[in-house]
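This is what each chain is made of:
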Amino acid sequence: MLSEIPKGFGKVKENDSRMSDAELARIGLIAELDAVNLYEQMAALSRDPLLRKVFLDIAREEKEHVGEFLELLKRFDEEQINALEEGAQEVREMEEK
Ligand SMILES: [Fe+2]
């Protein structure tokens, strides 16, 4: 059930020059997004209201973690900033058609 991302991450050594900070931030983003899905799925499966509430609260915290890694990724990969806006613009244009 838990994510296997990043595969082979254990083979990466500290200060491994093959992995940039942007890549690490993307891995963090993937892991946090995966965690949001996991906790929301667990909440949906739970029969206990308090357990469901806790899962949903944790899912919201994971969404904040997504924001942290996204902010860092934008600092490490400036191309991503424009790409995010271009993607959003494309959706708005498709919505209008
Ligand atoms: Fe997290």
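K.L.:
So what's going on with the overall build of the chain? Which residues, and what values?
P.N.:
Within the chain, the secondary structure is distributed over three helices and zero strands. A buried classification covers 19% of the 97 residues belonging to the chain. Contacts in the chain between residues at least 24 apart in sequence constitute 54% of all its contacts with a sequence separation of at least 6. By element, 54% of the accessible surface of the chain is carried by carbon and sulfur atoms, the whole surface being about 7,800 Å².

K.L.:
Could you give an account of the environment of arginine 52, naming the residues involved and the relevant values?
P.N.:
Position of arginine 52 among the secondary structure elements: in helix H2 (residues 49-76). The exposure class of arginine 52 is partly exposed, given its relative accessible area of 31%. For the pair arginine 52 and methionine 42, spaced ten residues apart in the sequence, the C-alpha separation amounts to 7.5 Å. Residues contacting arginine 52, with those up to four places away along its chain left out, are Ala43, Ser46 and Arg47. A distance of 3.1 Å separates a polar side-chain atom of arginine 52 from the backbone oxygen of serine 46.

K.L.:
Tell me what's going on with the pattern of salt bridges, and back it up with residues and numbers.
P.N.:
Evaluation of the coordinates by the stated rule reveals five salt bridges. A salt bridge links aspartate 77 to arginine 26, with the shortest nitrogen-to-oxygen separation between them at 2.9 Å. Taken together, the residues span a long stretch of sequence, with aspartate 77 in the loop between H2 and helix H3 (78-96) and arginine 26 in helix H1 (residues 21-45) at a distance of 51 residues.

K.L.:
How would you explain the coordination of the iron ion if you had to name every residue and give the values?
P.N.:
At this site the iron ion is bound by Glu32 (OE), Glu32 (OE), Glu62 (OE) and His65 (ND1), with donor distances of 1.9 to 2.8 Å. Around the iron ion, the four donor atoms are arranged such that angles at the metal cover 51 to 127 degrees; this shape is classified as irregular. Positions of the donor residues of the iron ion, expressed as sequence spacing, correspond to E-x29-E-x2-H. Of this pair, glutamate 62 and histidine 65 both sit in helix H2, three residues apart, roughly one helical turn.

K.L.:
Let's hear about the side chain of glutamate 32: which residues, and what values?
P.N.:
Structurally, glutamate 32 can be placed in helix H1. Here glutamate 32 occupies a buried position and makes no salt bridge, while the nearest side chain of opposite charge, lysine 63, is found at 12 Å. Once you skip the residues sitting within four places of it in the chain, glutamate 32 turns out to touch Glu62, His65, Val66 and Phe69.

K.L.:
An account of the packing of H2 against H3 is requested, with residue identities and associated values reported.
P.N.:
One can describe the packing of H2 onto H3 by two numbers: an axis separation of 4 Å at closest approach and a directional angle of 115 degrees. On H3, the residues that touch Leu70, Leu73, Lys74, Arg75 and Phe76 of H2 are Glu78, Gln80, Ile81 and Leu84. When its residues are assigned to classes, the contact of H2 with H3 shows five nonpolar, one polar and three charged.

Rules and cut-offs
- Residues numbered from 1 in each chain as written.
- Predicted model: local features only at pLDDT ≥ 70, side-chain atom pairs only at ≥ 80, totals over all residues.
- Heavy atoms only, no water.
- Helix = DSSP H or I, 4+ residues; strand = E, 2+ residues; numbered from the N terminus.
- Buried < 20%, exposed > 50% of the residue type's maximum accessible area, 1.4 Å probe, protein only.
- Contact = heavy atoms within 4.5 Å.
- Areas by Shrake-Rupley, 256 points an atom, 1.4 Å probe, with all protein chains shown as cover.
- Polar contact = N/O pair within 3.5 Å; in protein donor to acceptor, adjacent residues only side chain to side chain.
- Salt bridge = Lys/Arg side-chain N within 4 Å of Asp/Glu carboxyl O.
- Donors = N, O, S within 2.8 Å, 3.2 Å for Na, K, Ca; no water.
- Tetrahedral: all angles 85-135°; square planar, octahedral: opposite > 155°, others 65-115°.
- Lys, Arg positive; Asp, Glu negative; His and termini not counted.
- Axes fitted to C-alpha atoms, helices over the stretch in contact; angles between N-to-C directions.
- Nonpolar A, V, L, I, M, F, W, Y, C, P; charged D, E, K, R; others polar.

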